[in-house]
Amino acid sequence: MIERVVPMNNKLTLTGANKLFFAFTVVFMLYQLLAGIFFGEALLDNVYVLLVINQALIASFVLIYCIVKKINIKETFRFKKLDLLPAILIVLLAVPAMLVASMLNNILVYFLQFIMDVPASTLPVPKTVSELAVGILLIGVLPGVCEELMHRGFLLKAYERRGSYKAVVIVAILFGLFHFDITNLLGPIFLGLLIGYYVVRTGSIFAGMLAHFMNNTIAQLIQFMFADQEPAEYIRLSLQELIGIIGLGIVSLVVVAGLLYLFKKVTEGKAEIVPPISRTRDDVRAVITHWPIIAVIAMYVLWTLFYILVSIASRYLPF
């Protein structure tokens, strides 16, 4: 069956979306900086509070913007029923996709560990069923909804003017930058590609929310299963461990490819694809030369350099 090609008639503009993403990034960075200055190590005991505030900021930014600009919320966020078969495949894809993302992150971590100490996750490890339930709610459900509203809803719809599949790639990269963590960059970009593809193929943001929820929830379940082990302060990977991770990641990538083929088949005739308006080279130039994106990339680079330099200093210099 032939995919339907649709025109764009939403009031949401690419320029407006970029400016909002920049504004959110500035507010987010200032908030994180001020919280660190005034609360310091006390933040580690209130990670969930910070997480709730972060997610509330994300949802508030995009929803208020759409209301003020009178943008069609149903169209922008693709509030459409998700069919059963695609939903089942998204669930089946969750574990192999997470293993591929983990492989990509660990490759980068392996090389970073030679110049700095790479901290382990700061998220609380659930040790009881009630803590697991809270973790699933705050780490699985909340980001699965709020972050998807911004990325696979707001930003994807804006960038779709350049073509549906090109928008998936661009927003996936922004999704990676959004995490502001060099050790968690490649994994989110890969997952962003998958999730964006799910949303475009199904026409439903609920596909993205389901995939995001599954990834975060599986991570929580894994932490819960190994909660009795002594948590490591820093990540240490041997070459043998990295080879094992890569081997598992490659096998998982093959599984992902097979399931994606099935996913494409079950969504044929249902996807509404916006055709590209220019060559890839022109798209790249148009995106990276727009000042809000330049500013976000610059902030990411500066934040990363600061993070690495501080980590190196703490490792080699006495305090």
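Basis of the calculations
- Residues numbered from 1 in each chain as written.
- Predicted model: local features only at pLDDT ≥ 70, side-chain atom pairs only at ≥ 80, totals over all residues.
- Heavy atoms only, no water.
- Helix = DSSP H or I, 4+ residues; strand = E, 2+ residues; numbered from the N terminus.
- Contact = heavy atoms within 4.5 Å.
- Salt bridge = Lys/Arg side-chain N within 4 Å of Asp/Glu carboxyl O.
- Buried < 20%, exposed > 50% of the residue type's maximum accessible area, 1.4 Å probe, protein only.
- Phe/Tyr/Trp six-rings, centres within 6.5 Å; stacked < 30°, edge-to-face > 60°.
- Core = buried A, V, L, I, M, F, W, Y, C linked by side-chain atoms within 4.5 Å.
- Axes fitted to C-alpha atoms, helices over the stretch in contact; angles between N-to-C directions.
- Parallel < 35°, antiparallel > 145°, perpendicular 65-115°, else oblique.
- Left-handed = near helix turned anticlockwise from the far one by under 90°.
- Nonpolar A, V, L, I, M, F, W, Y, C, P; charged D, E, K, R; others polar.

1. Side note on the environment of Leu177
Looking at the element boundaries, Leu177 is found in helix H6 (residues 164–178). In the structure, Leu177 is positioned 11 residues away from Pro188 in sequence and 8.7 Å away in space, judged by C-alpha atoms. Beyond its immediate sequence surroundings of up to four residues, Leu177 is in contact with Leu185, Ile297 and Tyr300.

2. Some remarks on the pattern of salt bridges
Tallied over the full model, the rule gives 10 salt bridges. Note that Arg236 and Asp117 form a salt bridge whose closest N and O atoms lie 3.2 Å from each other. With Arg236 in the loop between helix H8 (205–225) and helix H9 (239–266) and Asp117 in the loop between helix H4 (84–112) and helix H5 (129–159), this residue pair connects regions lying 119 residues apart in the sequence. You can call Asp117 buried: its relative accessible area is 13%. Of the charged contacts in the structure, one is a salt bridge between Arg152 and Glu148, with a shortest N-O distance of 2.7 Å. Here Glu148 and Arg152 lie together in helix H5, a separation of four residues that amounts to about one turn. The same class applies to Arg152 and to Glu148, which are both buried.

3. Quick notes on the environment of Pro275
One can find Pro275 in the loop between strand E2 (272–273) and helix H10 (280–288). Under the relative-accessibility criterion, Pro275 is labelled partly exposed at 37%. Put simply, Pro275 and Ile37 are 238 residues apart on the chain and 47 Å apart in space, counted from C-alpha to C-alpha.

4. Considering unusual backbone geometry
Its identity is not glycine, yet Arg78 carries a phi of approximately 55°, on the positive side. Inspection of the secondary structure assignment puts Arg78 in the loop between helix H3 (73–76) and H4. Take Arg78: its relative accessible area is 8%, and that puts it in the buried class.

5. What to know about the packing of aromatic side chains
Inspection of the entire model under this criterion finds 15 aromatic pairs. Taking the centre distance of 5.2 Å and the plane angle of 75° together, the rings of Phe22 and Trp291 count as edge-to-face. Placement of Phe22 in helix H1 (residues 14–39) and of Trp291 in helix H11 (residues 291–316) is noted, with a sequence separation of 269 residues between them. Residue classification places Trp291 among the partly exposed residues on the basis of a relative accessible area of 45%. For the pair Phe180 and Trp303, a centre-to-centre distance of 6.4 Å together with 85° between the ring planes defines the contact as edge-to-face.

6. Describing the nonpolar core
Grouped together as the largest cluster of nonpolar side chains are 53 residues, with contacts concentrated most on Phe154, Leu155, Tyr159 and Leu174. Beyond its immediate stretch of four places on either side in the chain, Tyr159 contacts Leu14, Asn18, Ala167, Ile170, Val171, Leu174, Val287 and Ile293. With 20 residues, the next largest nonpolar core counts Met103, Leu194, Ile195 and Val256 among its residues.

7. A closer look at the packing of helix H7 (residues 186–202) against H8
Two elements in contact, H7 and H8, have axes separated by 7 Å at closest approach and are oriented at 150°. With respect to each other, H7 and H8 are oriented roughly antiparallel. Every pair of crossing elements has a handedness; the one defined by H7 and H8 is right-handed. The residues of H8 that touch H7, namely those facing Leu191, Ile195, Tyr198, Val199 and Thr202, are Ile205, Ala207, Gly208, Ala211, His212 and Asn215. For the contact of H7 with H8, a count of residues per class yields seven nonpolar, four polar and no charged.

8. Regarding the packing of H5 against H7
Two elements in contact, H5 and H7, have axes whose closest approach is 11 Å; the angle formed by their N-to-C orientations is 60°. By the angle between their axes, H5 is oblique relative to H7. The two elements H5 and H7 cross, and the hand of that crossing is right-handed. In contact with Glu148, Arg152 and Leu156 of H5, H7 contributes Gly192, Ile195, Gly196, Val199 and Val200. Residues that form the contact of H5 with H7 fall into these classes: four nonpolar, two polar and two charged.

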